[in-house]
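# Structural description and commentary
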Amino acid sequence: MRQVIVLTFVTLDGVMQAPGGPQEDTDGGFKYGGWVVPHFDERGGAIMHEQMITPRDLLLGRKTYEIFASHWPTHESEWPGINSATKYVVSRTRTDSLWDNTVFVKDNVVEGIQRLKQQDGPDLHVYGSSQLLQTLFKHDLVDGLWLKVFPITLGTGKRLFGGGTIPAALKLTHSEATPSGVMVASYERAGDVQTGSFEA
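Residues numbered from 1 in each chain as written. Predicted model: local features only at pLDDT ≥ 70, side-chain atom pairs only at ≥ 80, totals over all residues. Heavy atoms only, no water.

## Observations concerning the sheet that holds strand β4 (residues 102-105)
Basically, it comes down to this: Following DSSP output, two strands are said to pair if at least two bridges run between them. Runs of E in the DSSP output that reach at least two residues are strands. Runs of H or I that reach at least four are helices, and both are numbered from the N terminus. Lines fitted to the C-alpha atoms define the axes, with helices restricted to the stretch that makes contact. Angles between their N-to-C directions range from 0 to 180 degrees. We call two residues in contact whenever any of their non-hydrogen atoms come within 4.5 Å of each other.
Sheet architecture is open: eight strands sit in the order β4-β3-β2-β5-β1-β6-β8-β7, paired in mixed fashion. Looking at which strands have only one partner, the edges of the open sheet turn out to be β4 and β7 (170-177). Pairs of neighbouring strands in the sheet enclose a mean axial angle of 20°, with direction left out of account. In the sheet, strand β1 (residues 4-11) pairs with strand β5 (residues 123-127) via four bridges, with the strands oriented parallel. Each residue of the ladder has a partner; that of V4, found in β5, is L124. The strands touched by helix α2 (residues 62-69) are β2 (56-61), β3 (87-90), β4 and β5; relative to β2, the strand with the most contacts, the crossing angle is about 120°.

## Observations regarding the pattern of salt bridges
Selection rule: We count a salt bridge whenever a side-chain nitrogen from Lys or Arg sits within 4 Å of a carboxyl oxygen from Asp or Glu. Between buried and exposed lies partly exposed: a residue is buried under 20% and exposed over 50% of the maximum accessible area for its type, with that area taken using a 1.4 Å probe on protein chains only.
This model, assessed by the stated rule, comprises 13 salt bridges. Among the ionic pairs, R2 bridges to D57, the shortest N-O distance being 3.1 Å. Of this pair, R2 sits in the segment before β1 while D57 sits in strand β2, and the two are 55 residues apart along the sequence. Grouping residues by exposure puts R2 and D57 together as buried. A salt bridge links E50 to R43; the shortest N-O distance between them is 3.5 Å. The exposure class assigned to E50 is partly exposed, which follows from its relative accessible area of 43%. Because the salt bridges share partners, they merge into one network encompassing D25, D27, K63 and K158.

## Some details on the side chain of T8
Along the chain, T8 falls in strand β1. A relative accessible area of 7% means that T8 is categorised as buried. In contact with T8, not counting residues within four places along its chain, are M16, W146, L147, K148 and L160.

## Focus on the pairing of β1
On a regular strand, one side chain projects to one face of the sheet and the next to the other, so that they alternate. Among the eight residues of β1, eight are classified as buried, and the element is accordingly described as predominantly covered. Both faces of β1 are covered, namely the face carrying V4, V6, T8 and V10 and the face carrying I5, L7, F9 and T11. Bridge count for β1 against strand β6 (residues 144-150) is seven bridges, and the pairing is parallel. Each bridged residue has a counterpart across the sheet, and for T8 the counterpart in β6 is L147.

By themselves, these are just geometric observations and shouldn't be taken as functional.
And the structure:
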């Protein structure tokens, strides 16, 4: 059985939209694209590299797939093995492949992803794909979060937990702060939410 791991850049107020550049995703008139750039440092880059070279397949929404497919096929030296990895793309509209080893997940998305998780193979890494993430969270399909939390607030934009999610307990498995103040935190699913009381 393989796990679904979400890797994302996120602001303190939960925004994940267009971290990499001004034109990456302007939906909703978003004007802060590229907000990670001033805070990216050597340690942050090393952490990203370590995570990117972990054996994995990709699980992506259509928009993120199109963005990735316009860049990574010719930049494999920066992301070793990315062309040979299987790219599972959740889309009801796209039918043509833009990248080697692309598989479309169209109907019964939740059941399709559940079947993928039951298969043998590397874990499924989710980058970007904010709309897909809401489906994954709603149906308890996420096993881990590898977050990079940036020391800014934007007040607007697509949010990591934008469409609701089920109550879930998580266990912190790694944390560190980069020199520029980015909190890197990895979590794994840890059962149900527990409650208690401070009353004597």
